[in-house]
Amino acid sequence: MLPFKADAQRAVNFPPAESAPPPAAKSPPKTVSSSETIDITMTNGPGMRKSQERSPPAPPSLTVMYKVEYGEKLKYVDSAGKVTLFDQWKSFPNDASNLVAFTNKRLPGGNNYQYDTKPLASPDFDPVDIPILYMTGDYDFVLTDAEVENLHRYLTAGGTIIFNAARGQDAFSIAVMREMRKVFPKKRFMKIPPDHPLLNSFDRIKDVSTMVNGIKISKPPDIYTLDIGTRAAAILVPYGLGTAWSETSYNPAGKHIMGEAAIRLGVNMISYVLGNTAYGKFLSQQFPKYDSHTKAGDVFRFGLVRYNGSWDVNPGIQNSLLLGLNDNTHIDVDFAPHVVSLDDPTLGNYPLIFMTGHYNFELTPQEREGLIRYLQRGGMLVASAAGGLSPFDTAFRHELQEMFPKSELVKIPPSHPLFTGGWNPLERISYTPAALKDNPDLSTPEFYGLFINDRLAVLYTPYDFNSGLNRESNAYAKGISSSDSLKVAIDIITYALSH
């Protein structure tokens, strides 16, 4: 290999990170599938007294994270004129290995997780085998076509990538947001709220110790995610975690999350991703599509509200709902998916419409006018916060207050005919473990209503309703359980159709 020429490299003004190299990766043991058999030859080994202690078997090795190789050779010239050439992707050589070691110690179960490195342009990333990719650095970068294609395939198949600006340099974070638009042109990074499961998956994290330009303060962490469904498929942490993970000195010109806070946040991220693997696999499947025309005489059509927000987070939801409604009540349904805007003049064709989302949003004046007209003419809106997250809850309540300043959402008691007089009387329901973690006393329907002329016009729950209805394996959804979501949905629909 020819030596690199110092004058041929892109020069940078921020020095490269330094840390000790990571330990050599352990070779994973050979494994067999459950359908295979192993021949074992018994031998007469040395005897062991009953009182002699036996060492437990070592936990199996499992590589859960690749630190991806990307970018180019960079050049840094210090004040004394010393030239340093370095690989852009490496940053702290031992940050990923240390994070995995911290995770092994802190997560229960005697884990023996491992990490490795691999070029991002490699065509064989599989989230079933490697659920996490980790990409870090301090400098601007541009993804190649192969890297863009690999990331799109990997993330839509259920994988997750963690981006971290190693020492909080804005150039890296800006490049992440720009380059990920090539991977998902219609998606954008959103700042996570304090109740996001990334901050609660293992430890509850409210504030973290940070250092910005040498000044230390404690503040909530700034984390951004690009979501598929409500799953964080790409996680961006603009403040540097690498120094704390590598246990080296903080660069005073950087932005860092420090010490124990950085370690806890890193363990949370790995815990979150591992807990979301089943949900990622669910979202990666091809959902059936109904492409026939609407039949004359169909009674019920599912109308999903489209707006400038995360409105489409439950793929195939109409199939789950309409099949369950038809099977249990024999109400005729139109299985074709219908997406409607609130300013659509055909909105009145739907006796009730459904709305969901998990981030902040704002309706246009035309959408507000359309919804007011729809509700005043007898329509009903059923809304729920996807994932049970607070930004949608705050935004939805604000929008209703803007449209109906003299009305308010009031708690619907479990004895209301909506739950007791419908198809399946239901005063008590069960909730997901994530919801019970925050509120162990949940046992009744938590719905709120807005009434127009004593008629229930808006029905809203701050808990996730659709994930259970769609039977999504979302471990972090704070909502109604799968076993009861369909029962509640049928009660709501039959109530709306009969009123």
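Note: the structure precedes this text.
Below you will find a few notes about this structure.

Criteria and cut-off values
Residues numbered from 1 in each chain as written. Predicted model: local features only at pLDDT ≥ 70, side-chain atom pairs only at ≥ 80, totals over all residues. Heavy atoms only, no water. Pairing = 2+ DSSP bridges. Helix = DSSP H or I, 4+ residues; strand = E, 2+ residues; numbered from the N terminus. Axes fitted to C-alpha atoms, helices over the stretch in contact; angles between N-to-C directions. Contact = heavy atoms within 4.5 Å. Parallel < 35°, antiparallel > 145°, perpendicular 65-115°, else oblique. Nonpolar A, V, L, I, M, F, W, Y, C, P; charged D, E, K, R; others polar. Core = buried A, V, L, I, M, F, W, Y, C linked by side-chain atoms within 4.5 Å. Buried < 20%, exposed > 50% of the residue type's maximum accessible area, 1.4 Å probe, protein only. Phe/Tyr/Trp six-rings, centres within 6.5 Å; stacked < 30°, edge-to-face > 60°. Lys NZ or Arg CZ within 6 Å of the ring centre and 35° of its normal. Expected span 1.5 Å × (residues − 1). Arc of directions from axis to C-beta.

1. A short note on the sheet that holds strand β10 (residues 215-219)
And step 1. Strand order in the open sheet formed by three strands is β10-β9-β13, and the pairing between neighbours is antiparallel. Of all strands in the sheet, those bounded by a partner on one side alone are β10 and β13 (255-257). Pairs of neighbouring strands in the sheet enclose a mean axial angle of 25°, with direction left out of account.
And step 2. Examined bridge by bridge, strand β9 (residues 208-212) and β10 share five bridges and lie antiparallel to one another. Along β10, the bridge assignment pairs V208 with K219.
And step 3. Its contacts with the sheet place helix α5 (residues 259-275) against β9 and β13, and it is angled at close to 70° to β13.

2. Focus: the packing of helix α7 (residues 317-329) against helix α13 (residues 482-498)
And step 1. Their axes nearest at 10 Å, the elements α7 and α13 cross at an angle of 75°. Relative to α13, α7 is oriented roughly perpendicular. On α13, the residues touching L321, G324, L325, N328 and T329 of α7 are L486, A489, I490 and I493.
And step 2. Of the residues belonging to the contact of α7 with α13, the class tally is six nonpolar, three polar and no charged.

3. Thoughts on the sheet that holds strand β4 (residues 83-87)
And step 1. Overall, mixed pairing links the three strands, which are arranged β1-β3-β4 in an open sheet. Here the strands that pair on one side only, and so sit at the sheet edges, are β1 (10-11) and β4.
And step 2. Sheet analysis places strand β3 (residues 73-77) next to β4, joined by five bridges and oriented antiparallel. Looking at the pairing, K73 lines up with D87 of β4.

4. Some remarks on the nonpolar core
And step 1. Judged by nonpolar contacts, the single largest core of 65 residues is most densely connected at I353, F396 and I492.
And step 2. If you tally residues by element for this core, the top one is α13, at seven residues.
And step 3. Every residue in contact with I492, bar those within four places of it in the chain, is listed here: L352, M380, V382, L418, F447, L459 and F465.
And step 4. Within the second largest apolar cluster, 37 residues are counted, among which are Y113, L198, A232 and V267.

5. With respect to the packing of helix α8 (residues 365-376) against helix α9 (residues 390-403)
And step 1. It is at 10 Å that the axes of α8 and α9 come closest, and there the two elements cross at 75°. When the axis of α8 is compared with that of α9, the two are roughly perpendicular. Side by side, α8 and α9 meet where R368, L371 and I372 of the first sit next to E399, E402 and M403 of the second.
And step 2. Residues that form the contact of α8 with α9 fall into these classes: three nonpolar, no polar and three charged.

6. A few points about the environment of L389
And step 1. The residue L389 is located in the loop between β17 (380-385) and α9 in this model.
And step 2. With 75 residues separating them along the chain, L389 and D464 place their C-alpha atoms 8.2 Å apart.
And step 3. The contact partners of L389, leaving out residues within four places of it in the chain, are D195, H196, P197 and H358.

7. So, the packing of aromatic side chains
Given two aromatic rings, one states the distance between the centres and the angle between the planes to describe the pair.
And step 1. The tally for this structure, following the rule as stated, stands at 16 aromatic pairs.
And step 2. Judged by centre distance (5.4 Å) and plane angle (70°), the rings of Y70 and F141 are edge-to-face. Pair noted here: Y70 is in the loop between β2 (62-69) and β3 and F141 is in the loop between β6 (132-137) and α2 (145-156), with a separation of 71 residues, a long-range link. In this structure, Y70 and F141 share a single accessibility class: buried.
And step 3. Ring plane angle 25° and centroid distance 4.9 Å describe the contact between F302 and F354, whose orientation is recorded as stacked. One end of the pair, F302, is in strand β14 (residues 300-306); the other, F354, is in strand β16 (residues 352-357), and 52 residues separate them in sequence. In this pair, the class of F302 matches that of F354, namely buried.
And step 4. What links up through ring pairs into an aromatic cluster is the set Y307, F361, F392, F396 and Y460.
And step 5. The residue whose ring lies beneath K118 is F125, and the NZ or CZ to ring-centre distance is 5.6 Å.
And step 6. Positioned above the aromatic ring of Y448 is the side chain of R397, whose terminal nitrogen or guanidinium carbon lies 5.2 Å from the ring centre.

8. Some words on α8
Every α-helix carries 3.6 residues per turn, so stepping three or four residues along brings you back to the same face.
And step 1. Its twelve residues give α8 an end-to-end C-alpha distance of 17 Å, which sits within 8% of 16 Å, the value for a rise of 1.5 Å per residue.
And step 2. Those residues of α8 that sit buried are E367, R368, G370, L371, Y374 and L375. Buried residues of α8, viewed axially, fall in a sector of 165°; they line one side. With respect to the buried face of α8, the exposed residues turned more than 90 degrees away are P365 and Q376.
And step 3. Buried residues belonging to α8 abut β14, β16, β17, α9, β19 (448-452) and β20 (455-461).
And step 4. Note on α8: the residue one or two positions beyond its end, G378, has a positive phi of about 115°.

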